[in-house]
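One-letter residues, chain by chain:
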Amino acid sequence: MPVAQRVLDTIALSRDEYALIVERLGREPNELELGMFGALWSEHCGYKNSKPLLRQLPAEGPYVLTRRGAENAGAVDIGDGVCVVLKIESHNHPSAIEPYQGAATGVGGIVRDIFAMGARPIAILDSLRFGPISALGAQDSALPADAVARNRYLFGGVVAGIAGYGNCLGIPTVGGEVVFEDSYSANPLVNALCVGIAPVDRLASAKAEGPGNILMLVGADTGRDGIHGASGLASRTDPHSRFEELRPAVQVGNPFLEKMLMEACLDLAHHHADWITGIQDLGAAGLTASSAESAARGGTGLVIDVAKVPRREDSMTPYEVMLSESQERMLIIVRKGHEEDVGGLFERWEVPWTIIGHVTVDRLIHLMDGDAEVATLPVDTLVEAPEYTRDGVRPPELDELDALDIMSLPDLEASASSAPASDGDGSSPLARTGNGPAVRDPNAALLCLLGSPNVASKRWVYRQYDQSVLANTVVAAGADAALMRIKGTSKGIAISVDGAMAVAEAARNVVCTGAQPVAATDCLNFGNPERPEVYYQMQEVVRGISDACSELGTPVISGNVSLYNETGDRGVYPTPVIGMLGILDDVTRHCRIAFAKEGDEVFVLGAILEQPAASLAGSEYLKEIHGLVGGRLTMDLGLEARLHRAVLALIRQRIATAAHDCSDGGLAVALAEMCLAGGAGIDASGADLGLRLDAALFGEAQSRVILTTRPGERGALDQIARAGDIPYARIGRVTAEARFRLGSIDLSLDEMRDAYEGGLERALTANPV
């Protein structure tokens, strides 16, 4: 009897996919089997629209220990018998429906991926995107007040969820990014990255090996939360229009249980590895995915008795048990004869455990409900989702954006007088007047950018996170990259996350700490891939990541794809987020962004554009001051790679005393951040800023780093820059006076600090209409 369309819609399978299931099985699946196919053939689990593209990404390198996709996360060898485990994932759709729990369980899920590999999580970073939270300045949009209010609610709930879960686990949240744009209204992006460390010889696998070995379910009891999370939320269009209907698909977390579960699993992996053959997290698609994927990795089959699965709700069906996404659960593959040993270990950590089945040789999953067999499926058929390669079509609006005539925009006036920090109501002049007369004033332009939500300090966010727990944090949030020490060695690791000019900027952030970038993890966020324009975005993004990672020597070792991020026919901006890992052989020889000492000379190294106005393309200045988005972006990856080598040499030879990536807000904002970080001023009033002042001050040309040296070190800098064919220019010098002088800009650090440190809170509290 043909299955009803509403059933297929519930599990996000097409009619053609159902026909393919029937063809592969040689029969009609029953309800439970169909639900399992819906989960594992979902976009979230099966990657059916993205897997053909992801194969283009470089995956191998001298430090890489794992094969991408073969384990829960990627691992790299950093020497001294230690490896770093790294992964980033999304929890976008759940966070749009229930922001606190959506974000909290996103953190819980990525942490489990790390300790499932026997690695102790030592840091969390997050990349967050929301719709406008203010009606001030260029953030003023066609959004009604209730939409702005909801964006604020989502923002506050997500930050609280990340803090609530991560802080309870005792894992520091040490960095990230927050961006506000119209396209993320009702479609927030919540990407969480976790980093862990482990002895190389104690890395755990996620394979169900050894016929007769035991399947042990440990952790929380199973409830009805999260059913259809993978297929219902992350694999269909416009889930956000049905918030209340889909709210039960959002999981509910218990970080205190996860803490005990983490310690128990690490105890098992590090001290009793001979008792087990594998550890697998129960994440998306719950027991269905964890059992099938571990069996596929091991080339085995399984028998599972769902009647033995502990439940926290009455009358749960086998369908609900297998598809529940209840949190804080792990599947342990125990060597036969060690059941009591492993069970005793979990009891000592006060973590519940139950034996639910065993490993077989027949490559089938047999699901029992007591004595009754309720489902039988081939493992390979279940995990091998169909793959789709589509024809992408370039969106016509891209040509319109490229054609924006930036040269026709009015430049700033070099002779403009100083502007006040505010008009008495907490807002900078430009924040309210948009394209008014004050647009010509460089002082007001800088204050406007420093106070804009995308550029302003994110202290309001990261002060809610515990950044120092575990005592590994050397440099925390607010810098170019987080820096962590590796105890027991001289080494450190730097980690950054970025979603604009993503690979190059994330790597450059790591380089500015003195670390060598060695590996990346990616989270690719798009709208509906069935639309040719969106698929074109995916194709081009993957091509760009592949080219950049190949040039910079940073293979992609793990990651995640999140699709269908849209409401109606409006999708989010194509948003590739890159997490970058770097290694320092000596963590004490790192570099910070703060100006170090009075008299140090300030230089900018890197790209010099023939058409300076082109650097305003896609810039915060263009959006905040002129209310425009557009222009043609360019990048020289060869120059980027040479710049990295030069900056690393300058830091390692202790020529550089401070270094900072030049990105959002351009030269003026980067210098302001360096001043504010250390409380020192700068005198660059005589700097050559060229013929186009706005581009010189606020252009965002890529492949640029600002660094300082002690007086008399210019010759050493010149030698390294010339050897790498790196353009550079002296900007000015560090001063003890707390003033910022750059060209015609002359502001006190107090004025800038008020704009920068208070900008985000002012946006959150301003009247939304």
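Quick note: structure is the one above.
Structure report, in brief. Please read these numbers as outputs of a predicted model, since none were measured by experiment.

1. Some words on the overall build of the chain
The number of helices and strands found in the chain is 27 helices and 27 strands. Relative to the 2.2 N^0.38 estimate, which gives 27 Å for 769 residues, the radius of gyration of the chain is 27 Å and therefore close to what a compact globule would have. The principal-axis extents of the C-alpha atoms in the chain amount to approximately 85 × 55 × 45 Å. Here the chain holds 769 residues, and 62% of them are scored as buried. Restricting the contact set of the chain to residue pairs at least 6 apart, pairs at least 24 apart contribute 84%.

2. A few points about the sheet that holds strand E3 (residues 120–130)
Strand pairs in the sheet, formed through backbone hydrogen bonds, run parallel or antiparallel to each other. One open sheet holds the 5 strands; their spatial order is E1-E2-E5-E3-E4, and the pairing between them is mixed. Looking along the sheet, the strands with just one partner apiece sit at the ends: strand E1 (74–79) and strand E4 (173–180). Here the strands of the sheet are splayed against their neighbours by 15° on average, with no regard to which way each runs. Both E1 and strand E2 (residues 82–90) contribute to a ladder of 5 bridges, which runs antiparallel. Across the sheet, residue Ala75 finds its bridge partner in E2, namely Val85. Most of the contacts of helix H8 (residues 145–169) go to E3, to which it runs at about 180°, and overall it touches E3, E4 and strand E5 (189–199).

3. What about the packing of aromatic side chains?
Under the definition given, this model contains 8 aromatic pairs. Judged by centre distance (5.2 Å) and plane angle (80°), the rings of Phe37 and Trp41 are edge-to-face. Relative accessible area serves as the criterion here: at 0%, Trp41 is assigned to the buried category. Ring plane angle 10° and centroid distance 5.2 Å describe the contact between Tyr621 and Phe698, whose orientation is recorded as stacked. Of this pair, Tyr621 sits in helix H22 (residues 620–626) while Phe698 sits in helix H25 (residues 693–698), and the two are 77 residues apart along the sequence. What makes Tyr621 buried here is its relative accessible area of 0%. Classification of Phe698 by relative accessible area gives buried; the value is 0%. Members of the aromatic cluster, joined through ring pairs, are Phe130, Phe155, Phe180 and Trp460.

4. Some details on unusual backbone geometry
Positive phi outside glycine occurs at Glu350, with the angle close to 60°. Secondary-structure assignment places Glu350 in the loop between helix H14 (339–348) and strand E10 (353–360). Within the chain, Arg363 stands out as a residue other than glycine whose phi angle is a positive 60°. Within the fold, Arg363 resides in the loop between E10 and strand E11 (364–369). On the basis of relative accessibility, which here comes to 29%, the residue Arg363 falls in the partly exposed class.

5. A short note on the pairing of E2
Side chains on a regular strand alternate between the two faces of the sheet. Buried residues dominate E2, accounting for 8 of its 9 residues. Here 9 bridges tie E2 to E5, and the two strands are oriented antiparallel to one another. Across the sheet, residue Val85 finds its bridge partner in E5, namely Gly196.

6. A look at the packing of helix H18 (residues 442–451) against helix H27 (residues 749–765)
Packed helix pairs are characterised by how far apart their axes lie and by the angle those axes make with each other. H27 packs onto H18 with a crossing angle of 30° between their chain directions and a minimal axis gap of 7 Å. The orientation of H18 with respect to H27, classified from their angle, is roughly parallel. Along the contact surface, H18 presents Leu446, Leu447, Leu450 and Gly451, while H27 presents Glu751, Met752, Ala755, Tyr756 and Gly759. Looking at side-chain class alone, the contact of H18 with H27 contains 6 nonpolar, 2 polar and 1 charged residues.

7. Section: a nonpolar patch on the surface
A surface patch of nonpolar side chains, about 250 Å² in accessible area, is lined by Leu401, Tyr573 and Val629. Tracing the backbone through its elements, the reader meets Val629 in the loop between H22 and helix H23 (637–652).

8. Describing the nonpolar core
Where a protein is soluble and globular, its nonpolar side chains tend to be buried together. Core analysis: the biggest nonpolar cluster contains 60 residues, and Val111, Leu128, Phe155, Met330, Ile332 and Phe346 have the highest contact counts within it. Here this core takes 8 residues from H8, the largest share from any one element. Excluding its chain neighbours within four sequence positions, the residues that come into contact with Phe155 are Phe130, Ile133, Val178, Phe180, Trp460, Val461, Leu760 and Leu764. Core analysis: the second largest hydrophobic core is formed by 51 residues, Leu446, Ala613, Ala617 and Ala684 among them.

9. Observations regarding the environment of Asp399
Turning to its location among the elements, Asp399 is positioned in helix H16 (residues 396–402). A residue is classified by how much of its surface remains accessible, and Asp399, at 43% relative accessible area, is partly exposed.

10. Remarks on the sheet that holds strand E27 (residues 745–748)
Ordered by their spatial adjacency, 7 strands build an open sheet running E22-E24-E21-E25-E23-E26-E27, and the pairing between neighbours is mixed. Each having just a single partner strand, strand E22 (656–661) and E27 make up the two edges of the open sheet. Between one strand axis and the next, the sheet turns through 25° on average, direction left out of account. In this structure, strand E21 (residues 601–606) lies alongside strand E25 (residues 728–735), joined through 5 bridges in antiparallel fashion. Its bridge partner lying in E25, Val602 is registered against Gly732.

11. Re H8
Taking 1.5 Å per residue as the helical rise, H8 with its 25 residues ought to reach 36 Å, and the 36 Å between its terminal C-alpha atoms agrees with that figure. Positive phi appears at Gly170, one or two residues downstream of H8, with a value of about 75°.

What counts as what
Residue positions are given per chain, counted from 1 along the sequence in the order it is written. Selection of residues for local features in this predicted model requires a pLDDT of at least 70, selection of side-chain atom pairs for listing and counting requires 80 or more, and totals for whole chains, interfaces and linings are taken over all residues. Side-chain figures throughout are based on the complete set of non-hydrogen atoms in the structure, without hydrogens or water. Segments assigned H or I by DSSP are reported as helices when at least four residues long, segments assigned E as strands when at least two residues long, and all are numbered from the N terminus. In this treatment the radius of gyration is a C-alpha quantity, and the globule benchmark scales as 2.2 Å times the residue count to the 0.38 power. Relative accessibility thresholds used throughout: buried, under 20% of the residue-type maximum; exposed, over 50%; partly exposed, between the two (1.4 Å probe, protein chains only). Note on definitions: a residue-residue contact is assigned when non-hydrogen atoms from the two residues lie within 4.5 Å. Strands qualify as paired when DSSP identifies two bridges or more between them. The axes used here are C-alpha line fits, helices contributing only the stretch in contact, and every angle between their N-to-C directions lies in the interval 0 to 180 degrees. Each Phe, Tyr or Trp ring (for Trp, its six-membered ring) is paired with any other whose centre lies within 6.5 Å, and the angle between the two planes then decides the class: stacked below 30 degrees, edge-to-face above 60, tilted in between. When describing relative orientation, an angle under 35 degrees is termed roughly parallel and one over 145 degrees roughly antiparallel, while 65 to 115 degrees is termed roughly perpendicular and anything else oblique. The classification used treats Ala, Val, Leu, Ile, Met, Phe, Trp, Tyr, Cys and Pro as nonpolar, Asp, Glu, Lys and Arg as charged, and all other residues, Gly among them, as polar. Patch membership is restricted to residues that have no salt bridge and whose relative accessible area is over 30%. Joining uses 9 Å for like charges and 5 Å for the nonpolar side chains Val, Leu, Ile, Met, Phe, Trp and Tyr. The Shrake-Rupley method, run with a 1.4 Å probe sphere, supplies the accessible areas, and residue values consider only the shown protein chains as cover. One speaks of a salt bridge when a side-chain nitrogen belonging to Lys or Arg is within 4 Å of a carboxyl oxygen belonging to Asp or Glu. Among buried residues, the Ala, Val, Leu, Ile, Met, Phe, Trp, Tyr and Cys ones that are joined through side-chain atoms within 4.5 Å form a nonpolar core. To estimate how far a helix should reach, multiply one less than its number of residues by 1.5 Å.

Shape descriptors only; they carry no functional weight alone.
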